[in-house]
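# Summary of the model geometry
Below are the chains, spelled out letter by letter.
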Amino acid sequence: MPRTIRRMKLKICLVGERAVGKTSLIHRYVHNAFDDAYRATLGSKLHLLSFSKHVTADEIVEAQIALFDLMGERAPRDVFRDAMFWGAHGFLAVADLSRPQTLYQLPGWVQAVASVAGDVPYTVVLNKSDLVPGGTIGPQETRWLLATFPRIPYALTSAKTSEGVSRAFQDLLERSVDGVLVRSRARRKINVVAGRLLM
Ligand code: GDP
Ligand code: MG
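My aim in this report is to walk through the structure given alongside it, one point at a time. Just so it is clear, the structure is predicted and the values come from calculations on it, not from any experiment.

### Some details on the sheet that holds strand β3 (residues 59-70)
An order of β2-β3-β1-β4-β5-β6 is seen for the 6 strands of this open sheet, with the pairing classed as mixed. Strands with a single pairing partner mark the edges of an open sheet, and in this sheet they are β2 (44-56) and β6 (154-156). Taking the axes of each pair of neighbouring strands and ignoring which way they run, one obtains an average angle of 25 degrees across the sheet. Those strands touched by helix α1 (residues 22-31) are β1 (4-15), β2, β3, β4 (90-96) and β5 (122-127), and its axis lies near 145 degrees from that of β3. Each of β1, β4 and β5 touches helix α5 (residues 106-117); the most contacted strand, β4, lies at about 165 degrees to it.

### Some remarks on the environment of Pro133
Along the chain, the position of Pro133 falls in the loop between β5 and α6 (139-148). Pro133 gets classed as exposed once you look at its relative accessible area, which sits at 74%.

### Re unusual backbone geometry
Glycine aside, negative phi is the norm for most residues, and most peptide bonds take the trans geometry. Look at Ala19: it is not a glycine, yet its phi comes out positive at around 70 degrees. Among the secondary structure elements, Ala19 is positioned in the loop between β1 and α1. With a relative accessible area of 27%, Ala19 lands in the partly exposed category. Although it is not a glycine, Asn32 sits at a positive phi angle of roughly 50 degrees. Note that Asn32 resides in the loop between α1 and β2.

### So, the site of ligand 1
Near ligand 1 you find 20 residues, and of these Ala19, Lys22, Ser24, Asp130 and Ala159 are the closest. Between ligand 1 and Ser24 there is a distance of 2.6 Å, counted from an oxygen atom to a side-chain nitrogen or oxygen. Between Lys160 and ligand 1, the recorded distance is 3.4 Å, taken from a backbone N or O atom to an oxygen atom. For ligand 1, whose accessible area on its own is 580 Å², the fraction buried by protein is 92%. Here the element with the most residues in the shell around ligand 1 is α1; it accounts for 3 residues. Its residues placed into classes, the shell around ligand 1 shows 7 nonpolar, 5 polar and 8 charged.

### A short note on the packing of aromatic side chains
Applying the stated criterion across every chain, the model contains 5 aromatic pairs. With centroids separated by 4.3 Å and ring planes inclined at 5 degrees, the aromatic side chains of Tyr29 and Phe169 adopt a geometry described as stacked. Taken together, the residues span a long stretch of sequence, with Tyr29 in helix α1 and Phe169 in helix α7 (residues 165-198) at a distance of 140 residues. A residue is classified by how much of its surface remains accessible, and Tyr29, at 18% relative accessible area, is buried. Ring geometry for Tyr104 versus Trp144: centroids 4.6 Å apart, planes at 75 degrees, classification edge-to-face. Pair noted here: Tyr104 is in helix α4 (residues 100-104) and Trp144 is in helix α6, with a separation of 40 residues, a long-range link. Put simply, the rings of Phe91, Tyr104, Tyr122, Trp144 and Phe149 pair up and form one aromatic cluster. In this structure, Lys11 is placed above the aromatic ring of Phe68, and the distance from its NZ or CZ to the ring centre is 4.6 Å. Directly above the aromatic system of Trp109 lies the positively charged group of Arg77, at a separation of 4.5 Å from the ring centroid.

Calculation notes
Residues numbered from 1 in each chain as written. Chains lettered and ligands numbered in written order. Predicted model: local features only at pLDDT ≥ 70, side-chain atom pairs only at ≥ 80, totals over all residues. Heavy atoms only, no water. Pairing = 2+ DSSP bridges. Helix = DSSP H or I, 4+ residues; strand = E, 2+ residues; numbered from the N terminus. Axes fitted to C-alpha atoms, helices over the stretch in contact; angles between N-to-C directions. Contact = heavy atoms within 4.5 Å. Buried < 20%, exposed > 50% of the residue type's maximum accessible area, 1.4 Å probe, protein only. Near = heavy atom within 4 Å. Polar contact = N/O pair within 3.5 Å; in protein donor to acceptor, adjacent residues only side chain to side chain. Areas by Shrake-Rupley, 256 points an atom, 1.4 Å probe, with all protein chains shown as cover. Nonpolar A, V, L, I, M, F, W, Y, C, P; charged D, E, K, R; others polar. Phe/Tyr/Trp six-rings, centres within 6.5 Å; stacked < 30°, edge-to-face > 60°. Lys NZ or Arg CZ within 6 Å of the ring centre and 35° of its normal.

Now the structure itself:
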């Protein structure tokens, strides 16, 4: 039995151009279902879930997750980025494999979140793998991806068939929990040093 239970709250966002599959990925992960009809997300929608992770043999993290499904419009993103991304602990940057231009828009989305939330974990998600023969990306896109997002994990997913979806979410949630633990340890160290100075 773990001796310590650590509770935390995480804000996780999904970003990317409209119709890349952000709402569908959440629907697949949270309800294990898929809907072919497209309904644009107005504003943002919130889904709450919980996630737990053993960090050591006797420490378990129980996280409450708020998944923010954001609309894929660039104009509100640029005007309201503080309100949308403030306090995010991690995010999925989603592109549509059948529309390469959505891939080339990702740096703008990543930059928008990072400028507000700081250096938090994220994954580049290449969705709709079921629509692409072989379910993967071409050599040109691969080269661009590796050059643009070095060391950033990426995931091939299909919200339609469910391929890769839960793995992509779970991996991001784990890295987001780890990110919070690392930052809070760093903060504790600073507090201890400050405490000593005060004495
Ligand atoms: P959002 O605007 O990014 O939230 O995109 P949606 O989740 O609303 O999806 C846009 C459209 O793409 C909808 O018609 C979905 O049914 C469809 N879609 C989403 N994910 C997939 C997928 O993995 N494969 C296929 N074939 N269609 C998808
Ligand atoms: Mg949507």
